Amino acid sequence: MNNKIFISDKELKTYGSTDTLSDEAISLLLHQKNNWELVRSNFQNLEQIKTKDFNFDDYKIKVQFNPSRIVSSSAKVDKKTIKDRACFLCEENLPDVQKGIKYKDDYVILINPFPIFKQHLTIPHLKHTPQNIENSIEDLLDIAYDLRDNFFVFYNGPKCGASAPDHLHFQAGLKNSTPIEINYKYFAEYFGRELFSQNNSKVVAVNHQLNRFFFFEAKEKSELVKLFIDVVNQLKKLSTSKEEPLMNIISTYTENSWKVFLFPRKLHRPKQFFAEDDSKILFSPAAVDMAGLCITPQEKDFNKITNEDLVDMFEQVMCDSFTIENLQIL
């Protein structure tokens, strides 16, 4: 990769602290706002973004109307489209004004120009290699740790919301911006089935009508990786696909331990996405949506969506209860 993409430490320091990677990322955001009109405009527009809460008996889902996300939400990710288009995460296709922070010689930390959060990063691999979490789970955990002061990190599977499934990348958002980060203890206690608990590590299977996921917590990275791969291998056996099982992942580092939320999926998009009548809702759930912050890029969908719509669409795309209720740690 050409070094022109990397911002110098000297230049970064003129925009703020560089004491930690989290500080550097915030300083990079200020740099890009100052030097890139698209970033400045889209982050300013977040101040006027509409949101509303949908209350259920034991859970609250947030819906955000965010027109800048239309490109991602409606992205075509079939093999022909991916093959025929230039990869927008490869360095040679990035705008000249876009600058980033080199991370461990393998990744570059960039500002996402189409943000969901007031602080939103995209972290692509420096090589054009497909999304694959088994080979990169340690990277995800390292990034979550190094950005722990201000960010959580997330991963969208190649058929579960990644608009660039052909290029390995993560994203990071402002910490504690999703309902799942705030409510995970409640879910684990009242809807969870403990699969493993030993040496400050645990795995819990959560079965809720709006959220089915595996929750991992560990103080040792190696133990978490081992448990995570165990669950993914079992999901493979339950999957009809020969590729990576459908999944989204969120990771955060708090209270001296990693927390990882693995959302197994059975479908990329609900039927409402493809409807050609009044039932159409442009909803293409990825990690953030599965974590309870649903993005609607069209205002008409934001205005009409109901509790019943949310229950129906989540039921279509989430894994079934059988997966949650029957998986065991080997």
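Parameters and conventions
Residues numbered from 1 in each chain as written. Predicted model: local features only at pLDDT ≥ 70, side-chain atom pairs only at ≥ 80, totals over all residues. Heavy atoms only, no water. Core = buried A, V, L, I, M, F, W, Y, C linked by side-chain atoms within 4.5 Å. Buried < 20%, exposed > 50% of the residue type's maximum accessible area, 1.4 Å probe, protein only. Helix = DSSP H or I, 4+ residues; strand = E, 2+ residues; numbered from the N terminus. Contact = heavy atoms within 4.5 Å. Pairing = 2+ DSSP bridges. Axes fitted to C-alpha atoms, helices over the stretch in contact; angles between N-to-C directions. Arc of directions from axis to C-beta. Parallel < 35°, antiparallel > 145°, perpendicular 65-115°, else oblique. Nonpolar A, V, L, I, M, F, W, Y, C, P; charged D, E, K, R; others polar. Left-handed = near helix turned anticlockwise from the far one by under 90°.

**Q** I keep staring at the nonpolar core and nothing clicks. Help me out?
**A** In summary, soluble globular proteins display a tendency toward joint burial of nonpolar side chains. Counting residues in hydrophobic clusters, the biggest one holds 54 residues, and the most contacted among them are Leu 147, Phe 214, Phe 216, Phe 228 and Leu 262. It is helix H8 (residues 221-238) that provides the largest number of residues to this core, a total of seven residues. If we ignore the near neighbours within four places in the chain, the residues touching Phe 216 are Lys 202, Val 203, Leu 224, Leu 227, Phe 228, Val 231, Trp 258, Lys 259, Val 260 and Leu 262.

**Q** Got a minute to help me understand unusual backbone geometry in this structure?
**A** Generally, phi is negative for residues other than glycine and the peptide bonds are trans, each holding for most cases. Although it is not a glycine, Asn 176 sits at a positive phi angle of roughly 65 degrees. In this structure, Asn 176 sits in the loop between strand E7 (169-174) and helix H7 (179-191). Of note in the backbone geometry, Glu 255 takes a positive phi value of approximately 50 degrees without being a glycine. Positionally, Glu 255 belongs in the loop between strand E11 (247-254) and strand E12 (257-264). Accessibility expressed as a relative area gives 53% for Glu 255, which makes it exposed.

**Q** So what exactly am I meant to see when it comes to the sheet that holds strand E9 (residues 201-208) here?
**A** Sheet strands associate in pairs through backbone hydrogen bonding, adopting either a parallel or an antiparallel arrangement. What the ten strands build is an open sheet, ordered E3-E4-E5-E7-E6-E11-E12-E10-E9-E8; its pairing is antiparallel. The open sheet has two edge strands, strand E3 (101-103) and strand E8 (192-198), and neither has a second partner. On average, adjacent strands in this sheet sit at an angle of 20 degrees to one another, irrespective of strand direction. Where strand E4 (residues 107-111) lies against strand E5 (residues 120-124), two bridges are found, and the strand directions are antiparallel. Looking at E5, one finds that Ile 111 is bridged to Leu 121.

**Q** I would appreciate a short explanation of the sheet that holds strand E2 (residues 60-65) in the present structure.
**A** What the three strands build is an open sheet, ordered E1-E2-E13; its pairing is mixed. The two strands at the open ends of the sheet, each matched to only one other strand, are strand E1 (50-55) and strand E13 (293-296). The average angle at which neighbouring strand axes cross in this sheet is 25 degrees, direction not considered. In the sheet, E2 pairs with E13 via four bridges, with the strands oriented parallel.

**Q** Explain helix H12 (residues 307-317) to me, please; I cannot follow it from the model alone.
**A** Residues separated by three or four positions in an α-helix point in the same direction, a consequence of the helix having 3.6 residues per turn. Among the residues making up H12, those that are buried are Leu 310, Met 313, Phe 314, Gln 316 and Val 317. Taken end-on, H12 shows its buried residues confined to a sector of 155 degrees, consistent with a single buried face.

**Q** I tried to follow the packing of helix H2 (residues 21-35) against helix H3 (residues 37-45) on my own but got confused; where do I start?
**A** Relative orientation and spacing of two packed helices are given, respectively, by the angle between their axes and the distance between those axes. The contact between H2 and H3 brings their axes to 5 Å, and the two run at 110 degrees. Our classification of the angle between H2 and H3 gives roughly perpendicular. For the pair H2 and H3, the contacting residues are Leu 29, Gln 32, Lys 33, Asn 34 and Asn 35 in the first and Glu 37, Val 39, Arg 40 and Phe 43 in the second. By residue class, the composition of the contact of H2 with H3 is three nonpolar, three polar and three charged.

**Q** For this particular structure, what's the right way to read the packing of helix H6 (residues 137-146) against H8?
**A** Following both chains from N to C, one finds H6 and H8 inclined at 135 degrees, their axes separated by 10 Å at the closest point. Overall, the two elements H6 and H8 adopt an arrangement that is oblique. For the crossing formed where H6 meets H8, the hand is right-handed. Each of Ile 137, Glu 138, Leu 141 and Asp 142 in H6 lies in contact with H8, whose residues at this interface are Lys 221, Leu 224, Val 225, Phe 228 and Ile 229.

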